[in-house]
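Each chain, letter by letter, is given below.
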Amino acid sequence: MGKAVSLLELFTLDEPEIGLSDLARKAGLDKATARRLLMALANHRLIEQEPQSRRYRLGAGLSRLARIRDAHFPFVRVAAPVARELSLETGETVHLSEFSAGVLHTVHVELSAKANRVNVDVGQILPLHGTASGIAFLAASRLQVVSAYLEKPLQAFTAHTVTGPDTLAKAIAFAAASGYSRSSQGYEEGVHSIGAAILGADRQPIGALAVASPISRVDDAVAAKQGAAAVKAARLIAARLTGEA
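Residues numbered from 1 in each chain as written. Predicted model: local features only at pLDDT ≥ 70, side-chain atom pairs only at ≥ 80, totals over all residues. Heavy atoms only, no water.

Draft legend 1. Inspection of the sheet that holds strand β9 (residues 205-214) at higher detail. Taken in spatial order, the six strands of this open sheet run β6-β5-β4-β9-β8-β7, and their pairing is antiparallel. Two strands close off the open sheet at either side, each with one partner strand: β6 (125-126) and β7 (181-184). Pairing of strand β4 (residues 93-100) with strand β5 (residues 103-110), which is carried by seven bridges, proceeds in the antiparallel orientation. When the sheet's bridge partners are listed, Ser100 is paired in β5 with Val103. Sheet strands touched by helix α9 (residues 220-241): β4, β7, β8 (191-199) and β9. Its angle to β8, the strand with the most contacts, is close to 25°. (Pairing = 2+ DSSP bridges. Helix = DSSP H or I, 4+ residues; strand = E, 2+ residues; numbered from the N terminus. Contact = heavy atoms within 4.5 Å. Axes fitted to C-alpha atoms, helices over the stretch in contact; angles between N-to-C directions.)

Laid out in C-alpha coordinates, this is it:
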(Lines give C-alpha, C1' and ligand atoms only; values in the text may rest on other atoms or scores of the structure.)
Protein backbone atom coordinates (compact mmCIF):
# COMPACT_ATOMS: atom_id res chain seq x y z
CA MET A 1 0.00 0.00 0.00
CA GLY A 2 2.84 2.37 0.84
CA LYS A 3 4.40 1.98 -2.60
CA ALA A 4 1.07 2.66 -4.29
CA VAL A 5 0.51 5.83 -2.26
CA SER A 6 4.06 6.98 -3.05
CA LEU A 7 3.09 7.00 -6.74
CA LEU A 8 0.40 9.59 -6.00
CA GLU A 9 2.99 11.88 -4.47
CA LEU A 10 4.96 12.01 -7.73
CA PHE A 11 2.32 14.18 -9.41
CA THR A 12 2.82 17.94 -9.16
CA LEU A 13 1.36 21.12 -10.63
CA ASP A 14 4.27 21.21 -13.06
CA GLU A 15 3.82 17.54 -13.99
CA PRO A 16 0.13 16.60 -13.61
CA GLU A 17 0.38 13.73 -16.12
CA ILE A 18 3.17 11.11 -16.16
CA GLY A 19 3.76 8.10 -18.36
CA LEU A 20 4.30 4.58 -17.05
CA SER A 21 8.05 4.48 -17.75
CA ASP A 22 8.67 7.81 -16.02
CA LEU A 23 6.53 6.82 -13.04
CA ALA A 24 8.43 3.56 -12.65
CA ARG A 25 11.77 5.37 -12.92
CA LYS A 26 10.84 8.11 -10.43
CA ALA A 27 9.52 5.52 -7.95
CA GLY A 28 12.47 3.16 -8.39
CA LEU A 29 10.22 0.31 -9.53
CA ASP A 30 10.18 -2.01 -12.52
CA LYS A 31 7.42 -1.31 -15.04
CA ALA A 32 5.43 -4.44 -14.21
CA THR A 33 5.25 -3.53 -10.52
CA ALA A 34 4.40 0.10 -11.30
CA ARG A 35 1.60 -1.00 -13.67
CA ARG A 36 0.17 -3.35 -11.02
CA LEU A 37 0.13 -0.58 -8.41
CA LEU A 38 -1.43 1.88 -10.85
CA MET A 39 -4.20 -0.60 -11.65
CA ALA A 40 -4.92 -1.00 -7.94
CA LEU A 41 -5.17 2.78 -7.57
CA ALA A 42 -7.33 3.04 -10.70
CA ASN A 43 -9.78 0.51 -9.26
CA HIS A 44 -10.45 3.01 -6.47
CA ARG A 45 -10.53 5.99 -8.89
CA LEU A 46 -7.41 7.44 -7.28
CA ILE A 47 -5.56 7.31 -10.61
CA GLU A 48 -6.89 7.53 -14.17
CA GLN A 49 -5.33 7.15 -17.60
CA GLU A 50 -5.75 9.84 -20.25
CA PRO A 51 -7.27 7.99 -23.23
CA GLN A 52 -5.19 9.57 -25.99
CA SER A 53 -1.75 10.05 -24.45
CA ARG A 54 -2.04 6.96 -22.19
CA ARG A 55 -0.35 9.00 -19.47
CA TYR A 56 -1.58 8.77 -15.89
CA ARG A 57 -3.10 11.56 -13.78
CA LEU A 58 -4.76 11.86 -10.38
CA GLY A 59 -8.30 10.48 -10.32
CA ALA A 60 -11.67 11.88 -9.31
CA GLY A 61 -11.72 9.66 -6.22
CA LEU A 62 -9.19 11.98 -4.59
CA SER A 63 -11.51 14.94 -5.09
CA ARG A 64 -14.31 13.06 -3.35
CA LEU A 65 -12.07 12.28 -0.40
CA ALA A 66 -10.85 15.89 -0.31
CA ARG A 67 -14.44 17.16 -0.17
CA ILE A 68 -15.24 14.83 2.72
CA ARG A 69 -12.15 15.96 4.61
CA ASP A 70 -12.85 19.63 3.92
CA ALA A 71 -16.38 19.27 5.27
CA HIS A 72 -14.96 17.83 8.49
CA PHE A 73 -11.82 19.99 8.72
CA PRO A 74 -12.06 23.05 6.42
CA PHE A 75 -8.48 24.22 6.91
CA VAL A 76 -7.84 25.66 3.44
CA ARG A 77 -11.36 27.04 3.02
CA VAL A 78 -11.08 28.95 6.30
CA ALA A 79 -7.45 30.00 5.98
CA ALA A 80 -7.26 31.03 2.31
CA PRO A 81 -9.13 34.36 2.66
CA VAL A 82 -6.88 35.33 5.58
CA ALA A 83 -3.78 34.41 3.58
CA ARG A 84 -5.06 36.53 0.70
CA GLU A 85 -5.49 39.55 2.96
CA LEU A 86 -2.02 39.05 4.42
CA SER A 87 -0.52 38.90 0.93
CA LEU A 88 -2.24 42.15 -0.01
CA GLU A 89 -1.14 43.79 3.25
CA THR A 90 2.52 42.80 2.91
CA GLY A 91 2.73 42.83 -0.89
CA GLU A 92 4.51 39.47 -0.71
CA THR A 93 3.79 35.81 -1.39
CA VAL A 94 1.99 34.05 1.45
CA HIS A 95 1.72 30.29 1.76
CA LEU A 96 -0.16 27.94 4.07
CA SER A 97 1.09 24.55 5.19
CA GLU A 98 -0.56 21.72 7.08
CA PHE A 99 1.25 19.19 9.25
CA SER A 100 0.71 15.57 8.29
CA ALA A 101 2.78 12.40 8.60
CA GLY A 102 5.69 14.22 10.20
CA VAL A 103 6.12 17.02 7.63
CA LEU A 104 4.53 20.28 6.55
CA HIS A 105 2.66 20.14 3.23
CA THR A 106 1.98 23.36 1.31
CA VAL A 107 -1.78 23.46 0.80
CA HIS A 108 -2.43 27.00 -0.45
CA VAL A 109 -0.41 29.85 -1.99
CA GLU A 110 -1.20 33.52 -2.57
CA LEU A 111 1.41 34.90 -4.96
CA SER A 112 2.65 38.47 -4.73
CA ALA A 113 1.49 40.75 -7.55
CA LYS A 114 5.04 42.05 -7.94
CA ALA A 115 7.18 40.92 -10.87
CA ASN A 116 10.07 40.10 -8.56
CA ARG A 117 8.43 37.65 -6.19
CA VAL A 118 8.91 34.32 -4.47
CA ASN A 119 7.10 31.41 -6.11
CA VAL A 120 5.90 28.49 -3.99
CA ASP A 121 4.10 25.40 -5.29
CA VAL A 122 1.06 23.75 -3.73
CA GLY A 123 2.11 20.29 -2.61
CA GLN A 124 5.65 21.35 -1.76
CA ILE A 125 7.01 19.70 1.39
CA LEU A 126 8.68 22.10 3.82
CA PRO A 127 11.51 20.81 6.04
CA LEU A 128 11.01 21.87 9.65
CA HIS A 129 14.58 23.09 10.19
CA GLY A 130 15.07 24.81 6.83
CA THR A 131 11.99 27.02 6.63
CA ALA A 132 10.32 29.73 8.68
CA SER A 133 7.12 27.66 8.61
CA GLY A 134 8.92 24.67 10.10
CA ILE A 135 10.74 26.64 12.78
CA ALA A 136 7.49 28.34 13.80
CA PHE A 137 5.83 24.92 13.97
CA LEU A 138 8.59 23.55 16.19
CA ALA A 139 8.44 26.62 18.44
CA ALA A 140 4.77 25.93 19.15
CA SER A 141 5.23 22.17 19.59
CA ARG A 142 5.65 20.14 22.75
CA LEU A 143 9.17 19.87 24.16
CA GLN A 144 9.45 16.16 23.35
CA VAL A 145 8.63 16.85 19.70
CA VAL A 146 11.39 19.45 19.50
CA SER A 147 13.89 17.27 21.34
CA ALA A 148 13.25 14.34 19.01
CA TYR A 149 13.69 16.54 15.95
CA LEU A 150 16.95 18.04 17.24
CA GLU A 151 18.39 14.53 17.49
CA LYS A 152 17.90 13.91 13.74
CA PRO A 153 20.56 14.64 11.12
CA LEU A 154 19.61 17.95 9.52
CA GLN A 155 19.98 18.25 5.76
CA ALA A 156 21.52 21.38 4.25
CA PHE A 157 19.49 22.84 1.38
CA THR A 158 21.64 25.96 0.93
CA ALA A 159 24.85 27.28 2.47
CA HIS A 160 22.62 29.12 4.97
CA THR A 161 20.50 26.21 6.19
CA VAL A 162 20.54 25.77 9.96
CA THR A 163 21.97 22.29 10.49
CA GLY A 164 23.47 22.57 13.98
CA PRO A 165 21.15 21.54 16.85
CA ASP A 166 22.31 24.45 19.03
CA THR A 167 21.72 27.01 16.28
CA LEU A 168 18.31 25.54 15.49
CA ALA A 169 17.42 25.59 19.18
CA LYS A 170 18.21 29.33 19.26
CA ALA A 171 16.00 29.95 16.22
CA ILE A 172 13.18 28.00 17.88
CA ALA A 173 13.64 29.98 21.11
CA PHE A 174 13.45 33.27 19.19
CA ALA A 175 10.22 32.16 17.52
CA ALA A 176 8.72 31.02 20.82
CA ALA A 177 9.52 34.37 22.43
CA SER A 178 8.42 36.63 19.58
CA GLY A 179 5.52 34.58 18.20
CA TYR A 180 7.02 34.37 14.72
CA SER A 181 10.07 32.78 13.13
CA ARG A 182 12.55 34.21 10.67
CA SER A 183 14.54 32.29 8.05
CA SER A 184 17.01 33.87 5.66
CA GLN A 185 17.89 31.68 2.66
CA GLY A 186 17.50 28.52 4.73
CA TYR A 187 15.66 26.63 2.01
CA GLU A 188 16.16 28.69 -1.13
CA GLU A 189 18.85 31.18 -2.07
CA GLY A 190 17.68 34.79 -2.12
CA VAL A 191 14.49 34.15 -0.13
CA HIS A 192 13.60 35.56 3.27
CA SER A 193 10.62 34.12 5.17
CA ILE A 194 8.58 34.94 8.23
CA GLY A 195 6.48 32.16 9.76
CA ALA A 196 3.74 31.84 12.37
CA ALA A 197 2.22 28.64 13.70
CA ILE A 198 -1.51 27.95 13.43
CA LEU A 199 -2.85 26.26 16.55
CA GLY A 200 -5.67 23.78 16.90
CA ALA A 201 -8.28 23.50 19.62
CA ASP A 202 -5.78 21.71 21.88
CA ARG A 203 -3.31 24.63 21.48
CA GLN A 204 -0.91 22.42 19.53
CA PRO A 205 0.22 23.45 16.02
CA ILE A 206 -1.65 22.03 13.04
CA GLY A 207 0.20 24.03 10.41
CA ALA A 208 1.83 27.34 9.65
CA LEU A 209 1.49 30.55 7.69
CA ALA A 210 4.50 32.20 6.04
CA VAL A 211 5.36 35.43 4.24
CA ALA A 212 8.07 34.86 1.62
CA SER A 213 10.00 37.79 0.14
CA PRO A 214 13.07 38.40 -1.99
CA ILE A 215 15.82 39.01 0.57
CA SER A 216 16.61 42.37 -1.05
CA ARG A 217 13.28 43.78 0.17
CA VAL A 218 13.64 42.80 3.84
CA ASP A 219 15.44 44.47 6.72
CA ASP A 220 14.84 44.14 10.47
CA ALA A 221 12.02 46.70 10.47
CA VAL A 222 10.22 45.03 7.56
CA ALA A 223 10.68 41.60 9.15
CA ALA A 224 9.18 42.81 12.44
CA LYS A 225 6.19 44.31 10.62
CA GLN A 226 5.64 41.13 8.62
CA GLY A 227 6.00 39.07 11.79
CA ALA A 228 3.31 41.02 13.61
CA ALA A 229 0.97 40.72 10.63
CA ALA A 230 1.64 36.97 10.28
CA VAL A 231 0.96 36.33 13.97
CA LYS A 232 -2.32 38.25 13.76
CA ALA A 233 -3.36 36.28 10.68
CA ALA A 234 -2.42 32.91 12.19
CA ARG A 235 -4.44 33.68 15.32
CA LEU A 236 -7.45 34.69 13.22
CA ILE A 237 -7.29 31.41 11.28
CA ALA A 238 -7.07 29.43 14.54
CA ALA A 239 -10.00 31.33 16.00
CA ARG A 240 -12.16 30.71 12.94
CA LEU A 241 -11.29 27.01 12.87
CA THR A 242 -12.32 26.60 16.50
CA GLY A 243 -15.43 28.77 16.15
CA GLU A 244 -14.09 31.55 18.37
CA ALA A 245 -14.28 34.21 15.63
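Now that the structure has been shown, the text picks up again.
Draft legend 2. Spotlight on the packing of aromatic side chains. Tallying each qualifying case throughout the model produces three aromatic pairs. Ring centres of Phe99 and Phe137 lie 4.3 Å apart, and the angle between their planes is 25°; this geometry places the pair in the stacked category. Taken together, the positions of Phe99 in strand β4 and Phe137 in helix α6 (residues 132-140) put the pair 38 residues apart, joining distant regions of the chain. Owing to a relative accessible area of 31%, Phe99 belongs among the partly exposed residues under this scheme. Considering the side-chain rings of Phe174 and Tyr180, the 5.8 Å spacing of their centres and the 90° angle between planes classify their relative orientation as edge-to-face. We classify Tyr180 as buried; its relative accessible area is 13%. (Phe/Tyr/Trp six-rings, centres within 6.5 Å; stacked < 30°, edge-to-face > 60°. Buried < 20%, exposed > 50% of the residue type's maximum accessible area, 1.4 Å probe, protein only.)

Draft legend 3. Summary view of the packing of helix α7 (residues 143-150) against helix α8 (residues 165-178). In the contact formed by α7 and α8, the axes pass within 10 Å of each other and the chain directions differ by 150°. Overall, the two elements α7 and α8 adopt an arrangement that is roughly antiparallel. The interaxial crossing formed by α7 with α8 has right-handed handedness. Together, Val146, Tyr149 and Leu150 of α7 and Pro165, Leu168, Ala169 and Ile172 of α8 make up the contact between the two elements. Per-class residue counts for the contact of α7 with α8 are seven nonpolar, no polar and no charged. (Parallel < 35°, antiparallel > 145°, perpendicular 65-115°, else oblique. Left-handed = near helix turned anticlockwise from the far one by under 90°. Nonpolar A, V, L, I, M, F, W, Y, C, P; charged D, E, K, R; others polar.)

Nothing here speaks to function; it is all geometry.
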